[in-house]
Amino acid sequence: MKCLFCESSDFSESYLPSTLFNQKRFDYLTCQDCKLINIHPIPNQADLLKMYPSSYQAGIDATILVDPYKKLIGLRFSYGYQFDLLEKIGFTEKMIDFGCGAANFLINANHAGFACDGVEFNSEHVAILKTKIPTSNFYTVNEFEQSPKKVDLIRLSNVFEHFTNPKEQMLSLKNKLKSDGYF
């Protein structure tokens, strides 16, 4: 096993306990070189489908925030702060919310005057998003990666920790950005 980031093979047990899931034991190991906590083994496609069924998102959250500057639980920055950053750089194109989940950011971004489409892992959830929010386009991760279309901005929030091969997946996403695009 090699670290997903620095490729070191020097690991120790982490403070996190092992997890039993899908009849497998997953251990959390700390890389001694970069200190990243890695999971071993890496979940495969069958594991991921069980981890993230369409019910994982609990549907669509169409709440338009009264105060977009109020920071939501689990987010580092409020939507209002994120919208201000987009305005500061003069962003007017369409963005992708990669890992859009229940689509609350996407719905609020569209409400605030930004054009936002979404990408999500589970194809059943993508079908629900397409039905419930027809004003935006939605893609599975595979559909998005295989599309020849390049985008101006890819937003990732609470997504990175779900990547099973972060280097490869970020390079793939980088290839989806226009030359002057943003993460």
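This write-up is about the structure you can find in this document. (Residues numbered from 1 in each chain as written. Predicted model: local features only at pLDDT ≥ 70, side-chain atom pairs only at ≥ 80, totals over all residues. Heavy atoms only, no water.)

Comments concerning the overall build of the protein chain
Put simply, the test is: Secondary structure follows DSSP: runs of H or I at least 4 residues long count as helices, runs of E at least 2 residues long count as strands, and numbering of each begins at the N terminus. With C-alpha atoms as the basis for the radius of gyration, the globule rule is written as 2.2 Å multiplied by the number of residues raised to the power 0.38. Each residue is assigned to one of three classes by its accessible area relative to the maximum for its type, calculated with a 1.4 Å probe on protein chains only: buried under 20%, partly exposed between the two thresholds, exposed over 50%. Whether two residues touch is decided by their heavy atoms; if any such pair falls within 4.5 Å, the residues are in contact. His is not counted here, nor are the chain ends, while Lys and Arg score as positive and Asp and Glu score as negative. Just so you know, the charge point we use is NZ for Lys, CZ for Arg, CG for Asp and CD for Glu.
Helix and strand content of the protein chain: six helices and nine strands. Against the globule reference of 16 Å for 183 residues, the protein chain gives a C-alpha radius of gyration of 18 Å, in line with a compact fold. Based on the C-alpha atoms only, the size of the protein chain along its principal axes is roughly 50 × 35 × 35 Å. Every one of the 183 residues in the protein chain was classed for burial, and the buried ones make up 37%. By sequence separation, contacts in the protein chain at least 24 residues apart represent 50% of the contacts at least 6 residues apart. Between the mean site of the 19 positive side-chain charges and the mean site of the 21 negative ones, the protein chain shows a separation of 1 Å.

Thoughts on the packing of aromatic side chains
Here is the rule we go by: Centres within 6.5 Å make a pair out of two Phe, Tyr or Trp rings, where for Trp the six-membered ring is used; the pair is then stacked when the planes are under 30 degrees apart, edge-to-face when over 60, and tilted otherwise. By the criterion adopted, a ring carries a charge over it if an Arg CZ or a Lys NZ lies within 6 Å of its centre and within 35 degrees of its normal.
In the structure shown here, the tally under the stated rule is 12 aromatic pairs. Here the aromatic rings of Y79 and F105 are separated by 5.2 Å at their centres, their planes lie at 85 degrees, and the arrangement is edge-to-face. Of the two residues, Y79 sits in helix α2 (residues 79-88) while F105 sits in helix α3 (residues 104-111), which places them 26 residues apart along the sequence. For the pair Y79 and F105, one class covers both residues: buried. Ring pairs connect the aromatic residues F5, F98, Y139, F144, F160 and F163, which therefore count as one cluster. Sitting over the ring of F105, R155 keeps its end group 3.6 Å from the ring centre. Stacked on the ring of F144, the Lys or Arg K176 has its end atom at 5.1 Å from the ring centre.

Side note on the pairing of strand β9 (residues 177-182)
Spelled out, the test is: Paired strands, in this sense, are two strands between which DSSP finds at least two bridges. Here, the term right-handed applies to a crossover whose path from the first strand over the helix to the second runs clockwise when the strands point away from the viewer.
Both strand β8 (residues 151-156) and β9 contribute to a ladder of two bridges, which runs parallel. What sits directly across from L153, in β9, is Y182. In this fold, β8 hands off to helix α6 (residues 166-174), which returns the chain to β9; that crossover is right-handed.

A few points about the pattern of salt bridges
Counted only if it meets this: Take a side-chain nitrogen of Lys or Arg and a carboxyl oxygen of Asp or Glu: if they are within 4 Å of each other, that pair is a salt bridge.
Tallied over the full model, the rule gives six salt bridges. In this structure, D152 engages K178 in a salt bridge whose closest nitrogen and oxygen atoms are separated by 3.4 Å. With D152 in strand β8 and K178 in strand β9, this pair connects stretches of sequence that are 26 residues apart. K178 gets classed as partly exposed once you look at its relative accessible area, which sits at 36%.

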